[in-house]
Amino acid sequence: MPQASEIAWLIPVFPLIGAVLSGLGLISINEKINNSRRIVSVGLISFVGISAVISYKALIEQINGYESVEKLFIWANAGDFTIPMGFILDPLGSVMLALVTTITLLVMIYSHGYMAHDKGYVRFFTYLALFSSSMMGLIISPNLLEIYVFWELVGMCSYLLVGFWYDRDGAAHAAQKAFVVNRVGDFGLLLGILGLFWATNSFDFNEIATGISQSVSDNSIPIWAALLLCFLVFLGPMAKSAQFPLHVWLPDAMEGPTPISALIHAATMVAAGIFLVARLQPLYSIFPSIQFIIAFVGTITCFLGASIALTQMDLKKGLAYSTVSQLGYMMLAMGCGAPVAGIFHLVTHACFKAMLFLGSGSVIHAMEEVVGHQPILAQDMRLMGGLRKKMPYTSATFLIGCIAISGIPPLAGFWSKDEILGNAFISFPAFWFIGLLTAGMTAFYMFRLYFLTFEGDFRGENKDLQKELLIASKVNLEEENGEEHPEHGYIHESPWSMTFPLVFLAVPSVIIGLMGLPWDSKFSYLLDPEEAEIAVKSFELNEFLPLAIASVFIASAGIFIAYQAYFAKKINLSILFAEKFPTINQFLSNKWYLDAINEKLFVKGSRKLAKEVLEVDSKVVDGIVNLTGLVTLGSGEGLKYFETGRAQFYALIVFGGVILLVAIFGFQSPQVT
Amino acid sequence: MSTYFLTHFTSQTLGTLGAGLSTLPWLSASILFPIGSAFVIPFFPDKGDGKEVRWFALSIALITFLITVGSYINGFDIKNENVQLKENISWLPDLGLTWSVGADGVSMPLILLTSFITALAVLAAWPVKFKPKLFFFLILVMDGGQIAVFAVQDMLLFFLTWELELIPVYLLLAIWGGKNRQYAATKFIIYTAGSSIFILLAALAMGFYGTEIPNFEFSHLANQDFSQRFQIICYVGLLIAFGVKLPIVPLHTWLPDAHGEATAPVHMLLAGILLKMGGYALLRFNAQLLPVAHAQFAPLLIVLGVVNIIYAALTSFAQRNLKRKIAYSSISHMGFVLIGIGSFSSLGTSGAMLQMVSHGLIGASLFFLVGATYDRTKTLKLDEMSGVGQKMRIMFALWTACSLASLALPGMSGFVSELMVFTGFVTDEVYTLPFRIVMASLAAVGVILTPIYLLSMLREIFFGKENPKLTEERKLIDAEPREVYIIACLLLPIIGIGLYPRLVTESYLASINNLVDRDLLAVKNSVKTNIFSGTKKNEILKAPSI
């Protein structure tokens with residue numbers, strides 16, 4: 001059998017085959033295939049399973065020191081240009097592949113339970129397979145252009161999946177917003193790629209880096225141009241990884257089914273931006289100012305996400321802003337020139353955040369039995385509470401996730417987050433401080449989520465509260481009442497297909513951090529052996545401990561406050577904080593007013609501009625045409641002929657005219673010379 | 001006239017049957033066969049439902065497609081940059097008019113596109129119940145006529161076929177169109193016929209240039225050494241004529257009207273093929289025959305291309321009528337063709353070529369879907385639609401696929417062609433760096449605008465709650481197999497090209513390289529007298545800039 005690294009190109013091919021087959025089935029034999037869901041889901045899971053097996057084999061080969069594999073072919077050419085495509089498998093790629101295939105598989109198993117009653121079950125699995133294929137393709141892309149190709153494809157899958165329940169207006173808007181905001185980033189990415197190609201005649205990551213540094217040093221390219229290009233390329237990751245100010249799409253994207261939020265909008269696709277920045281490290285490390293911008297954007301995002309998450313009442317939105325914040329940490333690591341730390345956090349975060357999202361899905365699934373399928377009710381924590389006793393697996397794994405993300409040792413989040421903070425402390429102390437503060441906020445809001453959802457008494461049967469929430473969210477009550485059927489369900493633990501992935505993910509959430517111990521990081525030995533060697537040699541406990549203690553302390557403080565406020569109910573935060581600082585509270589619950597600005601400035605602005613252009617087009621441009629038409633023909637007989645449809649007459653004119661002209665010109669020598 | 005050719009054709013065919021396939025008069029056959037067959041239609045017994053006529057037209061269109069494929073396989077060598085499959089018969093020697101057809105890399109893909117789209121359009125015209133005989137007659141005539149436009153190698157003949165083409169289009173618009181069809185058809189004819197007078201003038205001027213005996217053959221004209229001023233005069237005239245067809249803003253206003261009123265099959269032909277005549281002619285005449293003037297005007301083409309992209313995308317966004325929305329999106333996409341033609345790089349120019357083929361397929365598919373949707377909803381106003389996707393799921397899927405193709409999703413042909421244009425233009429040392437930066441950035445704004453209008457459109461038609469008014473009044477049946485089949489036929493090459501663009505690009509690369517080399521040479525020589533920049537950098541090749 002060939003080495004898995006050599007046949008890595010097959011990894012995205014298998015799920016693609018599956019997706020194409022079931023997609024064709026949906027188009028041609030819709031009813032039949034919708035009735036044979038079991039075959040489809042088992043088939044697609046096996047296709048992804050094959051990819052997972054190859055990925056893991058490749059990962060093991062890479063750990064054992066098998067060389068990176070890169071193979072290219074000419075995809076398009078013209079003149080002297082060739083555009084190569086192909087695949088690359090290196091340690092970074094193999095880690096990502098293992099991660100993506102694992103989480104995809106778990107999410108697929110979970111979806112079998114979660115989407116059991118949905119009539120779009122088969123379509124959902126098809127989209128999932130398509131997404132996993134594109135994501136794997138992105139990971140094995142050997143150059144910027146191919147990354148761009150898959151980058152767009154994962155964006156498309158995200159669009160399809162966010163808008164999965166297309167009869168909901170919210171989903172429709174969110175899907176479009178996600179795609180368009182991402183396109184804003186892609187605008188920069190595309191221009192950046194083109195510019196880098198112009199400057200270096202290559203799409204290859206390393207060739208670009210050496211080419212740019214050479215051109216800058218011999219002044220064939222001005223430094224500002226190089227910086228501009230680097231920044232333009234960075235716009236892509238900013239949009240994809242939801243960095244400020246292009247993060248606005250991610251919380252809205254929670255309109256999609258919860259397994260999607262776990263897979264695409266927490267664990268894999270949003271991490272693609274981080275992944276691309278990691279791939280571009282050879283380029284970015286040349287320019288400290290770009291590094292600074294990346295770190296800066298990361299820090300703002302990190303703080304912004306956490307601060308908004310403080311006041312969220314929607315369980316999924318809370319997790320979404322937490323994702324934004326954690327992506328900010330990863331970006332901060334990239335800016336500090338510590339890609340390994342960033343990728344490490346990506347991996348740990350993928351495990352526990354996927355688990356948290358799947359857990360929230362399990363909660364929502366249970367809540368829907370009581371309050372109905374209105375997401376405003378089913379996802380609101382004011383209606384939850386006391387779920388721990390009824391949902392033991394969900395609550396236990398959710399708690400593990402909360403501890404992990406808060407950064408309590410020895411769970412996964414501690415090691416990866418601390419490595420980032422440690423790097424930030426060396427490179428940008430101010431950013432370290434903000435990051436530390438954010439760690440405290442993270443612990444607070446995560447435990448706030450936990451306590452509100454799983455502890456205390458169940459509040460879901462409170463009809464007045466339900467009505468109040470519906471009114472507050474401006475849902476048309478009359479319309480809803482028409483469809484409403486009173487729910488008499490009760491809260492219960494989800495089926496095994498949903499709890500199994502939760503339990504499975506709890507394991508890495510606890511132990512995977514041990515792969516990246518600062519004094520013996522197996523993770524960085526795999527990704528960057530030289531760096532790891534240096535890091536291990538320079539490791540000193542007296543440097544590590546103060547920082548670690550600081551972050552553990554602040555996290556514990558956050559948990560303590562959350563405990564006092566939401567479990568013990570000893571302090572009332574709304575009196576203590578919200579009423580004293582109403583502006584800050586308003587500012588946070590309005591999400592820094594960024595959505596409003598976006599709506600006013602860009603959405604309405606572009607509509608207005610488009611309308612004005614159309615006015616000009618129909619009134620001025622077309623108006624002139626019609627005016628001249630009227631003047632010359634309006635009164636004449638010509639129009640009459642046309643309008644009566646006597647085209648023979650026209651044909652006659654044309655032919656007659658031609659003959660006449662030819663005759664005239666034929667007898668004269670040309671004047672034009 | 002046509003009998004002459006038919007007899008000639010048959011005698012030649014019979015005479016050369018043994019002489020190998022490559023010597024067959026493939027192109028004449030593909031032109032004259034559909035036109036000749038069309039004249040059989042009037043003799044069909046008229047039952048009114050047009051069933052026989054439909055099948056007859058479909059088989060003729062398919063055979064024509066096979067003939068063009070045959071010509072490509074048997075008589076066309078992709079490595080050869082010259083005109084192939086040549087047939088030359090003197091027609092009216094006194095006027096210098098010869099029946100001269102042939103194909104090089106620039107025409108061959110478009111000929112194939114024409115016969116392919118026409119065959120699908122015939123299938124799309126299945127539900128046409130009003131005067132089916134006349135309808136299919138016109139479609140078949142159009143088929144041959146359009147192939148002729150791309151195949152003729154004589155400028156006077158080109159003008160004739162260009163004009164001949166207008167008649168069926170005019171009638172198809174005026175008889176089967178929507179409410180304002182008369183206005184739209186009249187506008188169309190006035191625009192195109194009015195502007196094509198420039199083609200005639202330019203043809204005569206060029207044909208008579210420097211000789212007593214006129215010669216309109218492309219090969220002759222290409223070797224002529226026209227003076228710069230003469231080239232510029234001809235160039236401007238031709239730019240107007242072809243700019244109307246492409247169309248170039250602000251000569252575009254006939255298009256939304258014509259497209260807004262046409263029925264689906266006619267629509268497919270308009271968007272799929274007719275617009276490509278403009279792009280083809282710009283390449284063939286402006287870029288190939290008038291290289292010196294092209295060196296002067298190319299920056300203008302780039303600017304116009306960018307204007308097309310942004311202006312039409314914005315108007316499309318504001319449009320509330322589905323057909324007009326898609327019509328404007330066509331204009332926007334044609335902007336890339338302009339940029340590619342003006343780019344002086346073989347990558348960019350092949351991108352323009354590919355964009356024509358790609359838009360031919362994508363535009364045809366979108367317009368077909370518009371027609372199919374209209375058949376069900378009986379309205380094109382976006383405000384009157386909503387939540388249609390719940391009843392028409394397959395239709396929704398097809399729409400989504402085609403819209404994604406149109407917004408240049410990677411893996412589909414539109415992405416490749418736009419990428420080639422972008423890359424070709426950006427890496428092209430002919431233009432100054434600031435010019436390239438500004439133009440590429442502006443053109444890339446289209447990358448943001450296109451999904452805005454296309455996805456908003458999808459959202460308004462298919463997403464959200466069902467519009468009770470619409471669902472109660474209309475029977476919203478999902479797509480039938482015939483419709484799925486048509487879209488599948490179009491999506492197959494769209495995705496095929498997207499995955500492996502060399503399938504198509506290889507077929508014209510040699511010709512494009514040849515053309516671009518010639519233009520580049522002209523740029524080198526024209527540096528001193530550039531009317532746009534006025535700069536006098538003689539050593540380096542950085543001529544046109546504004």
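For the structure itself, consult the block above.
All residue numbers here refer to positions counted from 1 along the written sequence of the relevant chain. Numbering of ligands from 1 and lettering of chains from A proceed in the order in which they are written. Where totals are concerned, whole chains, interfaces and linings use all residues; where local detail is concerned, this predicted model gives features only for residues with pLDDT of at least 70, and gives and counts side-chain atom pairs only at 80 or more.

## Some details on the packing of helix H16 (residues 339-371) of chain A against helix H19 (residues 412-427) of chain A
All names here are of chain A.
Alright, step 1. Relative to each other, H16 and H19 sit at 155°, their axes nearing to 9 Å. As summarised for this structure, H16 and H19 are arranged roughly antiparallel, according to the angle between their axes. Crossing hand, H16 versus H19: left-handed. Along the contact surface, H16 presents Ala-341, Gly-342, Phe-344, His-345, Thr-348, Cys-351 and Phe-352, while H19 presents Ala-412, Gly-413, Ser-416, Lys-417, Glu-419, Ile-420 and Asn-423.
Alright, step 2. Residues are grouped as follows: Ala, Val, Leu, Ile, Met, Phe, Trp, Tyr, Cys and Pro are nonpolar; Asp, Glu, Lys and Arg are charged; all remaining types, including Gly, are polar. Of the residues assigned to the contact of H16 with H19, the class counts are six nonpolar, six polar and two charged. Note on definitions: angles span 0 to 180 degrees between N-to-C directions of axes, and those axes are lines fitted to C-alpha atoms, for helices only across the stretch in contact. Under the DSSP-based scheme used, a helix requires at least four consecutive residues in state H or I and a strand at least two consecutive residues in state E, with every element numbered from the N terminus. Orientation categories follow fixed angle ranges, with anything under 35 degrees roughly parallel, anything over 145 roughly antiparallel, 65 to 115 roughly perpendicular, and all other angles oblique. Rotating anticlockwise by less than a right angle from the far helix to the near helix defines a left-handed crossing, while the corresponding clockwise rotation defines a right-handed one. Two residues form a contact once the distance between their C-beta atoms, set from the backbone, is within 7 Å.

## Digging into the environment of B:Leu156
Alright, step 1. You can see B:Leu156 is positioned in helix H6 (residues 155-176).
Alright, step 2. Between the C-alpha atom of B:Leu156 and that of B:Ala488, which follows or precedes it by 332 residues, the distance is 39 Å.

## Thoughts on the environment of B:Gly278
Alright, step 1. Position of B:Gly278 among the secondary structure elements: in helix H11 (residues 264-289).
Alright, step 2. Excluding anything up to four places from it in sequence, B:Gly278 contacts B:Phe242, B:Lys245, B:Leu246 and B:Pro247.

## A short note on the packing of helix H5 (residues 132-151) of chain B against H6(B)
All names here are of chain B.
Alright, step 1. It is the contact of H5 with H6, at a shortest axis distance of 9 Å, that shows an interaxial angle of 155°. As judged from the angle between their axes, H5 and H6 are roughly antiparallel. In the crossing of H5 with H6, the sense of the turn from one axis to the other is left-handed. Here Phe-135, Leu-138, Val-141, Met-142, Gly-145, Gln-146, Ala-148 and Val-149 of H5 come into contact with H6, specifically with Phe-158, Thr-161, Trp-162, Leu-164, Glu-165, Pro-168, Val-169, Leu-171, Leu-172 and Trp-176.
Alright, step 2. Counted by class, the contact of H5 with H6 contains 14 nonpolar, three polar and one charged residues.

## Description of the interface of chain A and chain B
Alright, step 1. Chain A puts 57 residues into the contact, and the matching count from chain B is 68 residues.
Alright, step 2. Listed by contribution, the elements that provide at least two residues to the side of chain A that touches chain B are strand E1 (69-78), helix H6 (144-162), helix H7 (169-200), helix H29 (594-634), helix H30 (638-643) and helix H31 (647-667) of chain A.
Alright, step 3. A per-element tally of the side of chain A that touches chain B places H7(A) first, with 15 residues.
Alright, step 4. Considering only residue class, the side of chain A that touches chain B consists of 37 nonpolar, eleven polar and nine charged.

## Quick notes on H5(B)
Alright, step 1. Helix length check: H5(B), at 20 residues, gives a terminal C-alpha distance of 29 Å against a target of 28 Å (1.5 Å per residue), a fit within 8%.
Alright, step 2. With respect to burial, H5(B) is a largely interior element, 18 of its 20 residues being buried. A helix is expected to span 1.5 Å multiplied by its residue count minus one. Each residue is classed by its C-beta neighbour count within 10 Å, where at least 20 other C-beta atoms makes it buried, 12 or fewer makes it exposed, and intermediate counts make it partly exposed; the C-beta atoms are placed from backbone geometry.

## Concerning the nonpolar core
Alright, step 1. Here, a nonpolar core means buried Ala, Val, Leu, Ile, Met, Phe, Trp, Tyr and Cys residues linked by C-beta atoms lying within 7 Å of one another. Membership of the largest hydrophobic core comes to 433 residues, with the highest contact counts inside it found for A:Ile193, A:Ala354, B:Leu120, B:Leu173 and B:Met268.
Alright, step 2. Sorting elements by how many residues they give to this core places H16(A) first, with 19 residues.
Alright, step 3. Discounting residues that sit within four places of it in the chain, A:Ala354 has contacts with A:Ile103, A:Ala262, A:Leu263, A:Ala266, A:Ala267 and A:Leu505.

Shape is all these values report; function is a separate question.
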